[in-house]
Amino acid sequence: MTLTLQNNSHIYYENLLLGVAQIRQLKVRNNTCSIYPYFHTFLEDCYSEYRYGAEDRSDFGLSNESEWKYSSASSLSPWYWGSMGLYSSGGYMFTLPKSKQESMEKLVFLRENSWLTRGTRVVFIDFSTYNANINLFCIIRLVVEFPATGGALTSSHIYSVKLLRYITYYDYFLASCEITFCLFIITFIIQEAIKMVKLKKEYFRSAWNWLDLLLLVVSILAIAFNIYRTVEVSLLMEELLSDAHVYPDFYFLAFWQVLYNNMIAVNIFFAWIKIFKYVSFNKTMMQLSSTLSRCAKDIIGFAIMFFIIFFAYAQLGYLVFGSQVEEFSTFQNCIFTQFRIVLGDFNFETVEAANRILGPIYFITFVFFVFFVLLNMFLAIINDTYSEVKADFEVIPSQEVQIRDLFTQSCSKALVKLKLKKPEMDTNPADESLESKEFLATKRKDISKLSTGDGANEKSQLRLSKLQKGKEQLLQNYPSTEDTESVTAQSSISTAEFQRLFRYTAELEKELKNTNAKLKRIMKSMQQLKDTSGKTAQ
């Protein structure tokens, strides 16, 4: 079926008007606000600002026509967040004819019969166009708000979205990529399910696992919406082709398309953040994470002090300048304005004009305390902590694993699984992999523990007691080599015994490095005291 349209259904010759335009209004009931008793003799009617509870849904005027009757909308239809309030998706609505002359006549008829009343708070004009040259739908919404203070506020919202997805060869290539993405998500779900079964409660104790779950949920929602959008567009086009005098509600799809784009943006953002999971073994990344973890308590304490002062200035600005300066008209605007002051984007003349005494005092004291004092304290906390962490890392030999080695090992394993490469002949690969994992885990714990400071004496004593117990157990199993008479040619040790020896060696090495780091810090402090005493003597 094809749709025959005349030239009056085109805008600028290239944009096809889809169906007809729709006009909708929302009203509030009379006597929805309170009048002071002294003015009851002068004022009889009172129409409050728009809110859902005060909305008027009764028939009025020529109630035999649809535009005079309230129409409810679907529960999935989005509400509109305007300048003066949040408006529901129902209302009194009608469609305009396709002819310009008939549309003018209908508008004149509605004006003469007072379709717009004192209770009207907002009017929406919705229509959609399609440009085949670039395969884009343009969904337009023109809004006129009537605040309770009188007057009118106009605004417009234009969404250009691609609802017909698969037309060119490049679109089909994107479709293949989407199918690959779906297969990857299915594989990812299976892997995470296996991890949940194996680890159980331990799985939910890792922040990276929570990030993986978030990525999965957002990806599944994106796939579901993509399918729903394709089906819904097909249904709307079939309805439009069957009757050209109906209003196609593409605004509903455009609104959810914007949310879909936002969802994809968040998903990609967290996917990039996940890269830190695979580069955390790098020395630079370890320094960064150790710096943030060590100064977390100091930053939290500083943040409490900072926001107490920040909100105090925001409240001051709202009460002093709120009635005259737009940037301070609401408490939220005050907060954003003060962040702009910190960044240097601020119009001082408007504040000075609003209050010649408190304006300059507010601005100067805010810049001094927040910019020159508090922000520099924040930078000093991070800088001092980073210096300490960097000094701790300098006494540790570089144990970081190179990324290229990691990728090489992963590729080798993948090739072996695909039977494209022969597996390397190891005497006991399982034991070796276990040992390497324990060694890397030991090194990572060593770095993270050292970066958190000296630690408590109780922890040191606990580690020493563990080492002593391990030493006694080893001496029981293996006599001391100092007694040459007791040393005999023994048989080869077992894997479990080797692992115990390896763990003991790793713990001993860790304790020695920790002691070495403490000694270096003590020597550094002693050198500073010596230099200070020398300067004092001079």
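This text goes with the structure placed above it.
Residues numbered from 1 in each chain as written. Predicted model: local features only at pLDDT ≥ 70, side-chain atom pairs only at ≥ 80, totals over all residues. Heavy atoms only, no water.

S.K.: What exactly am I supposed to notice about helix H7 (residues 296-321) here?
M.R.: An α-helical turn contains 3.6 residues, so any two residues separated by three or four positions project in the same direction. Helix length check: H7, at 26 residues, gives a terminal C-alpha distance of 36 Å against a target of 38 Å (1.5 Å per residue), a fit within 8%. At its buried positions, H7 is contacted by helix H8 (331-343), helix H9 (348-354) and helix H10 (358-394). (Helix = DSSP H or I, 4+ residues; strand = E, 2+ residues; numbered from the N terminus. Expected span 1.5 Å × (residues − 1). Contact = heavy atoms within 4.5 Å.)

S.K.: Sorry, what's going on with the packing of aromatic side chains here?
M.R.: To describe a pair of aromatic rings, you give the distance between the ring centres and the angle between the ring planes. Considering all chains together, one arrives at 42 aromatic pairs under this definition. Between Tyr 52 and Trp 79, the aromatic rings sit 5.2 Å apart at their centres with planes inclined by 35 degrees, giving tilted as the arrangement. Of the two residues, Tyr 52 sits in the loop between strand S2 (15-27) and strand S3 (80-81) while Trp 79 sits in the loop between S2 and S3, which places them 27 residues apart along the sequence. Assessed through its relative accessible area of 45%, Tyr 52 is described here as partly exposed. Note on Trp 79: relative accessible area 36%, which makes it partly exposed. Judged by centre distance (6.4 Å) and plane angle (65 degrees), the ring pair of Phe 252 and Trp 256 falls under edge-to-face. Of this pair, Phe 252 and Trp 256 both sit in helix H4 (residues 250-273), 4 residues apart, which is roughly one turn of the helix. On the accessibility criterion, Phe 252 (10% relative accessible area) is buried. The exposure class assigned to Trp 256 is partly exposed, which follows from its relative accessible area of 30%. (Phe/Tyr/Trp six-rings, centres within 6.5 Å; stacked < 30°, edge-to-face > 60°. Buried < 20%, exposed > 50% of the residue type's maximum accessible area, 1.4 Å probe, protein only.)

S.K.: Would you mind going over the state of the cysteines with me for this structure?
M.R.: What makes a disulfide is a covalent bond joining the sulfur atoms belonging to two cysteines. Taken as a whole, this structure holds 1 disulfide when the rule is applied. Bridging Cys 33 to Cys 46, the disulfide has an S-S length of 1.4 Å. With the S-S bond torsion at -120 degrees, the cross-link from Cys 33 to Cys 46 turns out left-handed. Pair noted here: Cys 33 is in the loop between S2 and S3 and Cys 46 is in the loop between S2 and S3, with a separation of 13 residues, a long-range link. (Disulfide = S-S within 2.5 Å.)

S.K.: I'm lost on the layout of surface pockets in this one. Help?
M.R.: One simple way to see leftover space: roll a probe sized like a water molecule over the atoms. Here the second largest pocket is characterised by a volume of approximately 670 Å³. Around the second largest pocket, the lining is made up of 28 residues, and of these Glu 178, Phe 181, Cys 182, Ile 185 and Ile 223 lie nearest the centre. Of all the secondary-structure elements, those providing two or more residues to the lining of the second largest pocket are helix H2 (169-199), helix H3 (207-242), H4 and helix H5 (275-279). In terms of residue count, H2 provides more of the lining of the second largest pocket than any other element does, 10 residues in total. The residue inventory of the lining of the second largest pocket, partitioned by class, reads 21 nonpolar, 4 polar and 3 charged. (1 Å grid on protein atoms, 1.4 Å probe; cavity = no way out; pocket = protein on both sides within 12 Å on 5 of 7 lines; lining within 4 Å. Points joined across faces, edges and corners; volume = space filled by probe spheres on them. Nonpolar A, V, L, I, M, F, W, Y, C, P; charged D, E, K, R; others polar.)

S.K.: Sorry, what's going on with unusual backbone geometry here?
M.R.: Most of the time, phi is negative for any residue but glycine, and the peptide bond is trans. The phi torsion at Ser 114 lies on the positive side, around 55 degrees, for a residue other than glycine. Mapped onto the elements of the fold, Ser 114 is located in the loop between helix H1 (100-112) and strand S6 (120-131). With a relative accessible area of 42%, Ser 114 lands in the partly exposed category. At Lys 200, a residue that is not glycine, the phi angle is positive and equals roughly 60 degrees. Tracing the sequence through the fold places Lys 200 in the loop between H2 and H3. Look at Lys 200 and you get exposed, because its relative accessible area is 59%.

S.K.: Can you walk me through the pairing of S6 in this structure?
M.R.: The side chains of a regular strand alternate, residue by residue, between the two faces of the sheet. With respect to burial, S6 is a largely interior element, 11 of its 12 residues being buried. Summarising the sheet, S2 and S6 pair through 9 bridges and their orientation is antiparallel. Directly across from Leu 26, in S6, lies its bridge partner Val 122. In this structure, S6 lies alongside strand S7 (residues 136-145), joined through 10 bridges in antiparallel fashion. Within the sheet, the bridge partner assigned to Asn 131 lies in S7 and is Leu 136. (Pairing = 2+ DSSP bridges.)

S.K.: Any chance you could explain the pattern of salt bridges here in plain terms?
M.R.: Side chains bearing opposite charge may pair, as long as their charged atoms lie close to each other. One pass over the structure, following the stated rule, counts 8 salt bridges. Between Glu 202 and Arg 205 there is a salt bridge whose closest N-O contact spans 2.9 Å. Residue classification places Glu 202 among the partly exposed residues on the basis of a relative accessible area of 44%. A salt bridge links Glu 388 to Arg 294, with the shortest nitrogen-to-oxygen separation between them at 2.9 Å. Residue Glu 388 is found in helix H10, and its partner Arg 294 is found in helix H6 (residues 283-294); the two are separated by 94 residues along the sequence. (Salt bridge = Lys/Arg side-chain N within 4 Å of Asp/Glu carboxyl O.)

S.K.: Looking at this structure, how should I read a nonpolar patch on the surface?
M.R.: A surface patch of nonpolar side chains, amounting to about 660 Å² of accessible area, comprises Tyr 36, Tyr 38, Phe 39, Phe 42 and Leu 43. Mapped onto the elements of the fold, Phe 39 is located in the loop between S2 and S3. (Patch = residues over 30% accessible without salt bridge, like charges linked within 9 Å, V, L, I, M, F, W, Y side chains within 5 Å. Areas by Shrake-Rupley, 256 points an atom, 1.4 Å probe, with all protein chains shown as cover.)

S.K.: It is not clear to me how the nonpolar core should be interpreted in this structure. Could you clarify?
M.R.: Inside soluble globular proteins, nonpolar side chains tend to come together where they are buried. Ranked by size, the top nonpolar core spans 26 residues in total, and within it Tyr 87, Phe 124, Phe 137, Ile 139, Leu 163, Phe 250 and Leu 253 carry the most contacts. Going through the elements one at a time, S2, S6, S7, strand S8 (153-161), H3 and H4 are the ones with two or more residues in this core. For this core, the element with the most residues is H4, which contributes 5 residues. With sequence-adjacent residues up to four places away left out, Ile 139 is seen in contact with Phe 127, Ser 128, His 157, Ile 158, Tyr 159, Val 161, Phe 250, Tyr 251 and Ala 254. (Core = buried A, V, L, I, M, F, W, Y, C linked by side-chain atoms within 4.5 Å.)

S.K.: I tried to follow the environment of Ile 186 on my own but got confused; where do I start?
M.R.: Tracing the backbone shows Ile 186 in helix H2. Classification of Ile 186 as partly exposed rests on a relative accessible area of 47%. Each C-alpha atom, one on Ile 186 and one on Ile 220, is 9.5 Å from the other, the two residues being 34 residues apart in sequence.

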